[in-house]
Amino acid sequence: GENVEQHPSTLSVQEGDSAVIKCTYSDSASNYFPWYKQELGKRPQLIIDIRSNVGEKKDQRIAVTLNKTAKHFSLHITETQPEDSAVYFCAAREYGNKLVFGAGTILRVKS
Amino acid sequence: SAVISQKPSRDICQRGTSLTIQCQVDSQVTMMFWYRQQPGQSLTLIATANQGSEATYESGFVIDKFPISRPNLTFSTLTVSNMSPEDSSIYLCSVGGENTGELFFGEGSRLTVL
């Protein structure tokens, strides 16, 4: 089955700097790669996703890139703000619409 | 996106007891999933709840421990049976977007087993 690795496990950045979180996946058949943000005590919220026929997608300060050949995808957050502080999870969809999640990255934005 | 309601939102349970978590969706969905999130950990899929047939369990999860019901296209329950402290987790119901494949989560049920 699919295996997703996520790095780093924690990331501290200064407000206004950029943050990058990287994930690799194992199953070349996976075709959908979402990113979730989970604030303390809350449910995971989908923030951006990318499908395997697209190399990059952007939504305001957030962007995701996908390299199918290398089987890795990354989340980029520019101009970070304190409210970006949360745990971020990447995921990959394998057969049956199931999502396999990475271990998560704790992002701290220092003001 | 679908509106997903879960209850209870939290509970404190005694070792050896069982608890049933309910998940209600505001629209008919083909696939419903149950995830577990242990403290400080990622999300792990327990099973896929299929309407009209038995749930499909992931490796490491069995029906006797986590029986699931799916009586219709808007409702599912997950029971955590014979609980031990190791079952203390957040249990999350999720549904997939029928056309987009996106996955949305309920608020979660935080269980503490003493």
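Preceding this section is the structure that the text describes.
Reading guide: rules and limits
- Residues numbered from 1 in each chain as written.
- Chains lettered and ligands numbered in written order.
- Predicted model: local features only at pLDDT ≥ 70, side-chain atom pairs only at ≥ 80, totals over all residues.
- Heavy atoms only, no water.
- Helix = DSSP H or I, 4+ residues; strand = E, 2+ residues; numbered from the N terminus.
- Rg over C-alpha atoms; globule rule 2.2 N^0.38 Å.
- Buried < 20%, exposed > 50% of the residue type's maximum accessible area, 1.4 Å probe, protein only.
- Areas by Shrake-Rupley, 256 points an atom, 1.4 Å probe, with all protein chains shown as cover.
- Pairing = 2+ DSSP bridges.
- Phe/Tyr/Trp six-rings, centres within 6.5 Å; stacked < 30°, edge-to-face > 60°.

**Student:** Honestly, the overall build of chain A in this entry has me stumped. Any pointers?
**Tutor:** Looking only at helices and strands, chain A features 0 helices and 11 strands. Shown N-terminal to C-terminal, the secondary structure of chain A runs as helices and strands in the order β-β-β-β-β-β-β-β-β-β-β. Compactness check: chain A gives a C-alpha radius of gyration of 13 Å against a globular reference of 13 Å for 111 residues, within 12% of the reference. Taking the principal axes of its C-alpha atoms as reference, chain A extends roughly 40 × 30 × 20 Å. Considering chain A as a whole, with its 111 residues, one finds that 45% of them fall into the buried category. When the accessible area of chain A is evaluated, it comes to approximately 5500 Å², of which 46% is carbon and sulfur surface.

**Student:** How should I be thinking about the pairing of strand β11 (residues 109-113) of chain B in this particular structure?
**Tutor:** Within a regular strand, the side chains alternate between the two sheet faces. Residue and element names in this part refer to chain B. Alternating positions in β11 separate cleanly, Ser 109, Leu 111 and Val 113 being buried on one face and Arg 110 and Thr 112 remaining unburied on the opposite face. As paired elements, strand β2 (residues 10-13) and β11 share 4 bridges and run parallel to each other. Directly across from Ile 12, in β11, lies its bridge partner Thr 112. Here strand β9 (residues 89-96) runs beside β11; their pairing, made up of 3 bridges, is antiparallel. In the strand pairing of β11, Tyr 91 is matched with Ser 109.

**Student:** What is the right way to look at the pairing of strand β7 (residues 68-72) of chain B in this model?
**Tutor:** Residues and elements named next belong to chain B. Judged from the 3 bridges that link them, β7 and strand β8 (residues 75-80) form a sheet pairing that is antiparallel. Opposite Ile 68, over in β8, you have Leu 78 as the bridge partner. Connecting the antiparallel pair β7 and β8 is a turn made up of 2 residues.

**Student:** What is the right way to look at the packing of aromatic side chains in this model?
**Tutor:** Aromatic ring pairs are reported here in terms of the distance separating the ring centres and the angle at which the planes meet. Counted by the stated rule, this structure contains 11 aromatic pairs over all chains. Consider the rings of Phe 61 of chain B and Phe 66 of chain B, whose centres lie 5.6 Å apart with planes at 65 degrees: the pair is edge-to-face. In this structure, Phe 61 of chain B and Phe 66 of chain B share a single accessibility class: buried. Through a chain of ring-to-ring contacts, the aromatic side chains of Tyr 25, Phe 33, Trp 35 and Phe 73 of chain A assemble into a single cluster.

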